[in-house]
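# Residue-level structural notes
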Amino acid sequence: MNIIAWVVLGLLAGAIAKAIYPGYQGGGILATILLGIVGAFVGGTLGVLLTTGRLALAAPTFSLPGLALAVIGALIAIFIWHSFARRTV
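All figures in this text were calculated on a predicted structure; none of them were measured in a lab. (Residues numbered from 1 in each chain as written. Predicted model: local features only at pLDDT ≥ 70, side-chain atom pairs only at ≥ 80, totals over all residues. Heavy atoms only, no water.)

## Observations regarding the overall build of the protein chain
A count of helical and extended segments in the protein chain gives 3 helices and 0 strands. For the protein chain, the sequential pattern of α-helices and β-strands runs α-α-α. Radius of gyration (C-alpha) of the protein chain: 13 Å, near the 12 Å computed for a compact globule of 89 residues. Dimensions of the protein chain, computed from C-alpha atoms along their principal axes, come out at roughly 40 × 30 × 20 Å. Burial status across the protein chain gives 34% buried among its 89 residues. When contacts within the protein chain are restricted to residue pairs at least 6 apart in sequence, long-range pairs at least 24 apart make up 58% of them. Accessible surface computed for the protein chain: about 5800 Å², of which carbon and sulfur atoms make up 78%. (Helix = DSSP H or I, 4+ residues; strand = E, 2+ residues; numbered from the N terminus. Rg over C-alpha atoms; globule rule 2.2 N^0.38 Å. Buried < 20%, exposed > 50% of the residue type's maximum accessible area, 1.4 Å probe, protein only. Contact = heavy atoms within 4.5 Å. Areas by Shrake-Rupley, 256 points an atom, 1.4 Å probe, with all protein chains shown as cover.)

## Things to note about the side chain of Thr45
Relative to the helices and strands, Thr45 is located in helix H2 (residues 29–52). Polar side-chain contacts of Thr45 include one of 2.8 Å to the backbone oxygen of Phe41. In contact with Thr45, other than residues within four places in its own chain, are Leu55, Ala56, Leu57 and Ala58. (Polar contact = N/O pair within 3.5 Å; in protein donor to acceptor, adjacent residues only side chain to side chain.)

## Concerning the confidence of the model for the protein chain
Averaged over every residue, the pLDDT of the protein chain is 84; residues scoring 70 or more account for 96%. Taking the mean pLDDT of every element in the protein chain, the minimum, 84, falls on helix H3 (residues 64–88) and the maximum, 87, on H2. (pLDDT = per-residue confidence, 0-100.)

## Let's talk about the packing of helix H1 (residues 2–20) against H2
Where H1 contacts H2, the two axes come as close as 6 Å, and the packing angle between them is 95°. Between H1 and H2, the angle is such that the two are roughly perpendicular. Seen from H1, the contacting residues are Trp6, Val7, Leu9, Gly10, Leu11, Ala13, Gly14, Ala15 and Lys18; seen from H2, they are Ile29, Thr32, Ile33, Leu35, Gly36, Ile37, Ala40 and Phe41. Split into classes, the residues belonging to the contact of H1 with H2 amount to 12 nonpolar, 4 polar and 1 charged. (Axes fitted to C-alpha atoms, helices over the stretch in contact; angles between N-to-C directions. Parallel < 35°, antiparallel > 145°, perpendicular 65-115°, else oblique. Nonpolar A, V, L, I, M, F, W, Y, C, P; charged D, E, K, R; others polar.)

Here it is as structure tokens:
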């Protein structure tokens, strides 16, 4: 059941982040899920860093604050991806 929750959280966070971020982000549903899962780890780690002051790989829970952290992390991941993609082209 935990894997299904991660997939749903990833899909929701990735879709929201793609809708918020300006411009076109390619990829299908699998890319959106992976973006959301990466965003959840980035957002969770950022949340732990800001609240405790230590750097630890963490992931948020399946809740509204966890979804918000995952969306913020996914937006950061999209920004970093576009930064590297523009340099190679």
